[in-house]
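What follows is the residue order along each chain.
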Amino acid sequence: MNSTQTCNVSVPTGHIIVNSRWQNGHELTTQLQASIPVHFESSSSVIDFHPASNSGVIYLFESDVIEGHAYKRRAARLRKANQIRGVVLVEKTHMSAQYFQSLQKFCVSDLGLNLIPVSNQNEAASFLIQMVYAESSLQKNPFLTTAKSPSKDMALLNTLSSIPGVGETKARALLDKFPNILVLCQTSQQELTEVVGKASSVKLYNFLHGNS
């Protein structure tokens, strides 16, 4: 079997495609269905969620991080998916925190994926909803924002605060300047420096773009 995965997925604007293995018994899916249109797709793909046609997200449970081997295979398969911007959502808890640095190095430095820590499935759902709204906004104008909800803002704030070198104060300053995570990823290092300073902007830019 060819190890390179071709993903020809067409996601309607404002919708999300979810792998059918998430269809029953998951709080994350319930939260998504309460906020945005969800389409389930039966697939052997490693990708769990498509918030946009060019975005693929996998979710790592606390147990995956602690086990340490299966997630590497999944992340590597995500990296090999054609024409997909890969995002890894990972449960960072008091049990899995000690393994996070190794996970971050593998996913970000070695594979060039975006790694987003979340505390639970509710926070992950809020972040995915943010991605869907951000993609919808970018298709119209990358600097226009959509209507914001408190849960969506909190998820993004928590995400930015978790990035090395940022913290809550600088995360709030970033949100004041850049409306969503996708616009932030398209921002130059110089623009980031103007908001959070040179040292933090280097760490943030490298983290977002998978540079070592």
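Residues numbered from 1 in each chain as written. Predicted model: local features only at pLDDT ≥ 70, side-chain atom pairs only at ≥ 80, totals over all residues. Heavy atoms only, no water.

Here we come to the nonpolar core. Residues Ile16, Leu28, Leu32, Phe49, Tyr59, Leu89 and Leu128 are the most contacted members of the largest nonpolar core, which totals 21 residues. Elements that contribute at least two residues to this core include exactly strand E1 (16-19), helix H1 (27-33), strand E4 (55-60), strand E5 (85-91), strand E6 (114-118) and helix H5 (121-140). In terms of residues, this core owes the most to one element, H5, which gives seven residues. Beyond its immediate stretch of four places on either side in the chain, Tyr59 contacts Trp22, Leu28, Asp48, Phe49, Asp64, Arg74, Leu89, Glu91, Val118, Asn120, Gln121 and Ala124. Among the nonpolar cores identified, the runner-up in size contains 20 residues, and Val46, Ala75, Val108 and Leu111 belong to it. (Core = buried A, V, L, I, M, F, W, Y, C linked by side-chain atoms within 4.5 Å. Buried < 20%, exposed > 50% of the residue type's maximum accessible area, 1.4 Å probe, protein only. Helix = DSSP H or I, 4+ residues; strand = E, 2+ residues; numbered from the N terminus. Contact = heavy atoms within 4.5 Å.)

A few words on the environment of Leu32. Looking at where Leu32 falls in the secondary structure, it is placed in helix H1. On the basis of relative accessibility, which here comes to 0%, the residue Leu32 falls in the buried class. With 17 residues separating them along the chain, Leu32 and His15 place their C-alpha atoms 9.8 Å apart. Ignoring anything within four residues of it in the chain, the contact list for Leu32 reads Ile16, Val18, Val38, Phe49, Ala125, Leu128 and Ile129.

In space, the six strands of this open sheet follow the order E2-E1-E3-E4-E5-E6, with mixed pairing throughout. Each of the sheet's edge strands pairs with one partner strand only, and the pair in question is strand E2 (38-41) and E6. Each strand axis lies, on average, 25° off the axis of its neighbour in the sheet, ignoring direction. Running over the sheet, helix H3 (residues 70-80) touches E4 and E5 and is turned about 180° from E4. The strands touched by helix H4 (residues 100-110) within the sheet are E4, E5 and E6, with E6 carrying the most contacts at an inclination of about 150°. (Pairing = 2+ DSSP bridges. Axes fitted to C-alpha atoms, helices over the stretch in contact; angles between N-to-C directions.)

At their nearest, the axes of H3 and H4 sit 10 Å apart, and the two run at 25° to each other. In this view, H3 runs roughly parallel relative to H4, as classed from their interaxial angle. Both H3 and H4 take part in a crossing whose hand is right-handed. In contact with Tyr71, Lys72 and Ala75 of H3, H4 contributes Ser102, Leu103, Phe106 and Cys107. Of the residues assigned to the contact of H3 with H4, the class counts are five nonpolar, one polar and one charged. (Parallel < 35°, antiparallel > 145°, perpendicular 65-115°, else oblique. Left-handed = near helix turned anticlockwise from the far one by under 90°. Nonpolar A, V, L, I, M, F, W, Y, C, P; charged D, E, K, R; others polar.)

Turning next to the packing of helix H7 (residues 167-177) against helix H9 (residues 189-196). Remark: H7 packs on H9, axes separated minimally by 9 Å, with the N-to-C direction vectors making an angle of 125°. It follows from the interaxial angle that H7 and H9 lie oblique. In this structure, the crossing between H7 and H9 has a hand that is right-handed. Residue-level inspection shows Lys170, Ala173, Leu174 and Lys177 of H7 in contact with H9, the latter providing Leu192, Val195 and Val196. A breakdown of the residues in the contact of H7 with H9 according to their chemical character gives five nonpolar, no polar and two charged.

With that out of the way, let us pick up the confidence of the model for the protein chain. The pLDDT averaged across the protein chain works out to 81; a share of 81% of its residues lies at or above 70. No element of the protein chain has a lower mean pLDDT than helix H6 (residues 150-162), at 62, and none a higher one than E1, at 95. Below pLDDT 50 for its whole length, residues 1-6 participates in 10 contacts with residues either more than four positions away or in separate chains. Scored below 50 in pLDDT, residues 141-152 shows 17 contacts in the model against residues more than four places distant or in partner chains. (pLDDT = per-residue confidence, 0-100.)

Moving on to the packing of aromatic side chains. Aromatic ring pairs are defined here through the distance separating the ring centres and the angle between the ring planes. Summed over all chains, the structure comprises five aromatic pairs. Judged by centre distance (5.6 Å) and plane angle (10°), the rings of Trp22 and Phe61 are stacked. Taken as a pair, Trp22 in the loop between E1 and H1 and Phe61 in the loop between E4 and helix H2 (62-67) lie far apart in primary sequence, 39 residues in all. A relative accessible area of 3% places Trp22 in the buried class. The class of Phe61 is partly exposed, set by a relative accessible area of 26%. Measuring from ring centre to ring centre gives 6.3 Å for Tyr71 and Phe106, while their planes differ by 75°; the resulting arrangement is edge-to-face. Of this pair, Tyr71 sits in helix H3 while Phe106 is found in helix H4, placing the two residues 35 residues apart along the sequence. When sorted by exposure, Tyr71 lands in the same class as Phe106, which is buried. Three or more aromatic residues joined by ring pairs make a cluster, and in this case those are Trp22, Phe49, Tyr59 and Phe61. The side chain of Lys72 reaches across the aromatic face of Phe106, ending 5.5 Å from its centre. (Phe/Tyr/Trp six-rings, centres within 6.5 Å; stacked < 30°, edge-to-face > 60°. Lys NZ or Arg CZ within 6 Å of the ring centre and 35° of its normal.)

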